[in-house]
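Structural overview
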Amino acid sequence: MIPIYVHGWGAVSPVGWGMASLVSSLAQDQRPASTQIQRPDGFPISVHKVPIRNPRPPFLALPRLRRASPTTHFIVGAGLEALGLTDRPTESKRVGVICSVMGGSVIYSERFYGEVLAEPRTASPLLFPETVYNAPASHLSSVLGSTERNYTLVADQTGFLDGLSTAATWLNEGLVESCVIIGGEEVGWATAEAGRLLSPFPIAEGAGAVLLSTQPSSVRLKLITRAHPFVRSKRRSDVWSDMVNELLSAGASVPDWLPPQKPGSCLSEGSGNLATFLGDGLAAGGAWATAAAVASVARGRNSAAVGIFGSNFQARGAIFVRE
């Protein structure tokens, strides 16, 4: 296997736009404020939403993004930061793109299918393309001017690590020279209600991203654990322990992860459980935890591990080391 290195990382989260906001808030234990979102019957649900960025970032003025969903805004924002293009690219960038989502563009889906139910003949054809899972990834490649490989994975919180694994395969096979992996979500009333019923954490929105390449850098991806799926014949707590033991056997130091975690937990060595801090970001949760681990290694840690306990699919982890 060719060594895989991290060349950039980014985040959009309920504590602000940019990785600096996430790192600073974690260090100072400044938790995001809760916002109430209403079901159609008016019942309020507490969620963690991304604050409006002021001033508005230039990339949101691009024609393709003006009518795009919030998920796309978050994914493009985190992806551009990972690529070192915080505001907008000034030239075409050839890079593979892998997006991980769980709920996807739920807000436009709610609007479009609401219009279909109310009056099918007048449902907006402009909304429908934004409801599909792969719309945000398509927008990002378009903004970058890239025609390289572009995949969207639909999974739980562990999907971001599946994206890392897919990207590593592409890089090892020489299919791309670099690849940006992003996990992102937006909050609509349907996901908020599902979270209220099923998640131990408030639902949160945003995105996280890392940029991988075979070119050397100060942070190397040492290991992605195998997938540890939830199966009927095995307790989920045992699945979690198996994944943690794989991390430990590879040199990680995560004794505080040994007790079984709550489904949806996204742990980053040195930052703890980001779901407790930010909320259940669904696909964004695994991305935030990974970006936080990478950032901690870039700031001087010798290594950092990530462990994700998905809500309905699997447990999976990764280790990053300083070069």
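Note that this is a predicted model, so its numbers are computed, not measured.

Tallying secondary structure elements over the protein gives ten helices and 14 strands in all. Its C-alpha radius of gyration of 19 Å places the protein within 12% of the 20 Å reference for a compact globule of 323 residues. Along the longest, intermediate and shortest principal axes, the C-alpha atoms of the protein span 60 × 45 × 40 Å. Counting over 323 residues, the protein shows a buried share of 54%. Taking all contacts inside the protein whose residues are at least 6 apart in sequence as the whole, residues at least 24 apart take part in 73%. When the accessible area of the protein is evaluated, it comes to approximately 13600 Å², of which 52% is carbon and sulfur surface. When the 27 basic and 25 acidic side-chain charges of the protein are each reduced to a single mean position, those positions are 1 Å apart.

Summed over the entire model, instances satisfying the criterion amount to eleven salt bridges. Here Arg31 and Asp29 are joined by a salt bridge, their closest N and O atoms 3.3 Å apart. Two residues, Asp162 and Arg316, come together in a salt bridge whose shortest N-O distance is 2.6 Å. Of the two residues, Asp162 sits in helix H6 (residues 159-172) while Arg316 sits in strand S14 (residues 314-322), which places them 154 residues apart along the sequence.

What follows is about the pairing of strand S9 (residues 219-224). Of the pairings in the sheet, the one linking strand S1 (residues 4-13) to S9 comprises three bridges and is antiparallel in character. Following the sheet pairing, Ile4 is matched in S9 by Leu221. Relative to S14, S9 is paired through five bridges, and the arrangement is antiparallel. When the bridges of S14 are listed, Val219 appears paired with Arg322.

What you see with strand S4 (residues 44-47) is a clean split: Ile45 and Val47 sit on the buried side and Pro44 and Ser46 on the side with no burial. Pairing of strand S3 (residues 35-38) with S4 involves four bridges; the strand directions are antiparallel. Directly across from Gln36, in S4, lies its bridge partner Ser46. Between S3 and S4, which pair antiparallel one after the other, the connecting turn spans five residues, and Gly42 there sits at a positive phi close to 90°.

This next bit is on the domain arrangement of the protein. Here the protein is described as being made up of domain 1 (4-217) and domain 2 (220-322). On a C-alpha basis, the centres of domain 1 and domain 2 stand 20 Å from each other. Taking both sides of the interface into account, the surface hidden between domain 1 and domain 2 amounts to around 3500 Å²; carbon and sulfur atoms contribute 72%. Among the residues domain 1 hides against domain 2, the three largest losses belong to Gln157, Leu161 and Phe201. Together they make up 22% of the total. For the pair domain 1 and domain 2, the number of links is one salt bridge. Applying the counting criterion to the domain 1 and domain 2 interface returns 17 residue pairs in polar contact (both at pLDDT 80 or more). Where the side of domain 1 that touches domain 2 is concerned, the elements lending two or more residues are S1, helix H1 (19-28), strand S5 (96-101), H6, strand S7 (178-185) and strand S8 (206-213). A per-element tally of the side of domain 1 that touches domain 2 places S1 first, with eight residues.

Conventions used here
- Residues numbered from 1 in each chain as written.
- Predicted model: local features only at pLDDT ≥ 70, side-chain atom pairs only at ≥ 80, totals over all residues.
- Heavy atoms only, no water.
- Helix = DSSP H or I, 4+ residues; strand = E, 2+ residues; numbered from the N terminus.
- Rg over C-alpha atoms; globule rule 2.2 N^0.38 Å.
- Buried < 20%, exposed > 50% of the residue type's maximum accessible area, 1.4 Å probe, protein only.
- Contact = heavy atoms within 4.5 Å.
- Areas by Shrake-Rupley, 256 points an atom, 1.4 Å probe, with all protein chains shown as cover.
- Lys, Arg positive; Asp, Glu negative; His and termini not counted.
- Charge placed at Lys NZ, Arg CZ, Asp CG, Glu CD.
- Salt bridge = Lys/Arg side-chain N within 4 Å of Asp/Glu carboxyl O.
- Pairing = 2+ DSSP bridges.
- Domains from an automatic or database assignment.
- Buried area = accessible area lost by both parts, 1.4 Å probe.
- Polar contact = N/O pair within 3.5 Å; in protein donor to acceptor, adjacent residues only side chain to side chain.

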